[in-house]
Amino acid sequence: MIIVIHPDATPYEIDNITAEVEIQGWQTHISRDSGQTVIGLQGSGQTIDRFQLGQLPGVQSIIPITRKFKLASRNFRPEDTTFPVGNTPVGGNQLTVIAGPCSVESREQLLETALAVKAAGATMLRGGAYKPRSSPYSFQGMGEEGLKLLAEAREVTGLPIVTEVMSPTKVALVAVYADVLQIGARNMQNYDLLNAVGKIHKPVLLKRGMSATIEDLLMAAEYILKHGNNQVMLCERGIRTFDNKYARNTFDVNAIAMLKELSHLPVIADPSHAIGVRRHVQAIALSGIAAGADGLIIEAHPNPDEAVSDGPQSLTLPQFSEMMNAARQMAQAIGRTMKW
Ligand code: PEP
Ligand code: MN
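1. Structural notes on the coordination of the manganese ion (ligand 2)
Okay, so step 1: At 2.0 to 2.4 Å from the manganese ion (ligand 2) lie its protein donor atoms, namely C102 (SG), H273 (NE2), E299 (OE) and D310 (OD).
Okay, so step 2: Each donor residue of the manganese ion (ligand 2) belongs to the same chain, and together they define the spacing C-x170-H-x25-E-x10-D. You can see C102 sitting in the loop between β7 (96-100) and α3 (107-119) and its partner E299 sitting in strand β14 (residues 295-299), a full 197 residues away along the chain. Each member of the pair C102 and E299 is classed as buried.

Here it is, written out as structure tokens:
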């Protein structure tokens, strides 16, 4: 259940409403986004007399939420969540484009990519310094040295940095360098990690686990939101289905449309990890935009065939620029904008 507070309610009235439900055994979560104050009820208190509660001064309306996810739900917050990352907004009409290599490999590789993706219109730079690899013998990332290179690339280009954090013990360190903390698919249900990123006030890109349902993803977001960090982007990056011969994963375009309906959080499409095949990344990116995604995350590399990770799905820099032209046309066709 959420209690929508009247715009003219006084702090005293809000305290009184909170006390009234807490006394009945509920925990409360106050959200004050975009000028609207709402109180979310969590836990399992006594049955609330909605009529009586609705009579309290300061209560505008009461909305029952029967879904498991509450703070992530559109019932809780009907309007789209938007927040700035650097000086670009996420979640509004303008599409976000996060681009860069799968892994940070060297200063030269990162800077060349960062300058090219910026010139093509990307709004954020991605690059993994801590890499979750299926094999322990594969490249594991440059670690803090990679984070420093990302920070240098931000200095040069002005692009905010998106990078993965794999463990709760590394959250504080990664947060020193990153503008957005990425939770990878393999960690979507690492609840210690979700709690840790919920407690810091930095935006989070939460990638859908490869076998996670739409509800699993929203419940994972709920862990982060519960701590008061409501700067969460949901990312559809492809799920495991029965064909893995031709495509790496199955891009769940349905999930994009459904997530936009079920949740107020921005949704980002990751066609690179979804299809895993460079020549088809553009088509899948366009389908994500058409389905209502608020942005894309795309892997690009100066020389993908030499990339230490995810080369087969990484676009060359000219291909990235070409994809951006197509994305601009798609955005325009559905009434969305791109930065340039
Ligand atoms: C990545 O973004 O490079 C990555 C490892 O993604 P995912 O967690 O979706 O596999
Ligand atoms: Mn990758």
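Let us keep going from here.
2. Thoughts on the sheet that holds strand β11 (residues 204-207)
Okay, so step 1: A barrel is described by the order of its strands in space; here eight strands give the closed sequence β7-β8-β9-β10-β11-β12-β13-β14, paired in parallel fashion. When strand polarity is set aside, the average angle formed by the axes of neighbouring strands in this sheet is 25°.
Okay, so step 2: For strand β8 (residues 124-126) and strand β9 (residues 161-164), the ladder comprises two bridges, and the chain directions are parallel. In the sheet register, R126 faces β9, and the bridge partner there is V162.

3. With respect to the sheet that holds strand β1 (residues 2-5)
Okay, so step 1: Taking strand neighbours across the sheet as the criterion, the four strands line up as β2-β3-β1-β4 in an open arrangement whose pairing is antiparallel. Where the open sheet ends on each side, the last strands, each with one partner, are β2 (27-31) and β4 (59-63). Taken over all neighbouring pairs, the strand axes of this sheet differ in orientation by 20° on average, direction set aside.

4. Examining the side chain of E222
Okay, so step 1: With respect to the helices and strands, E222 occurs in helix α7 (residues 214-226).
Okay, so step 2: No salt bridge is formed by the buried E222. Its closest oppositely charged neighbour is K70, at 7.1 Å.
Okay, so step 3: At 2.9 Å, the side chain of E222 forms a polar contact with the backbone nitrogen of K70.
Okay, so step 4: If we skip the residues at most four places from it in the chain, E222 touches F69, K70, L71 and A72.

5. Structural notes on α7
Okay, so step 1: With 13 residues, α7 extends 18 Å from end C-alpha to end C-alpha; this agrees with the ideal 18 Å at 1.5 Å per step.
Okay, so step 2: Residues of α7 that are buried include every one of L217, L218, A220, A221, E222, I224 and L225, and no others.
Okay, so step 3: Where α7 is buried, its residues contact β2, α6 (191-198), β11, β12 (232-236) and α8 (253-262).
Okay, so step 4: One or two positions beyond α7, positive phi appears at G228, with a value near 95°.

Rules of the game
- Residues numbered from 1 in each chain as written.
- Chains lettered and ligands numbered in written order.
- Predicted model: local features only at pLDDT ≥ 70, side-chain atom pairs only at ≥ 80, totals over all residues.
- Heavy atoms only, no water.
- Donors = N, O, S within 2.8 Å, 3.2 Å for Na, K, Ca; no water.
- Helix = DSSP H or I, 4+ residues; strand = E, 2+ residues; numbered from the N terminus.
- Buried < 20%, exposed > 50% of the residue type's maximum accessible area, 1.4 Å probe, protein only.
- Pairing = 2+ DSSP bridges.
- Axes fitted to C-alpha atoms, helices over the stretch in contact; angles between N-to-C directions.
- Lys, Arg positive; Asp, Glu negative; His and termini not counted.
- Salt bridge = Lys/Arg side-chain N within 4 Å of Asp/Glu carboxyl O.
- Polar contact = N/O pair within 3.5 Å; in protein donor to acceptor, adjacent residues only side chain to side chain.
- Contact = heavy atoms within 4.5 Å.
- Expected span 1.5 Å × (residues − 1).

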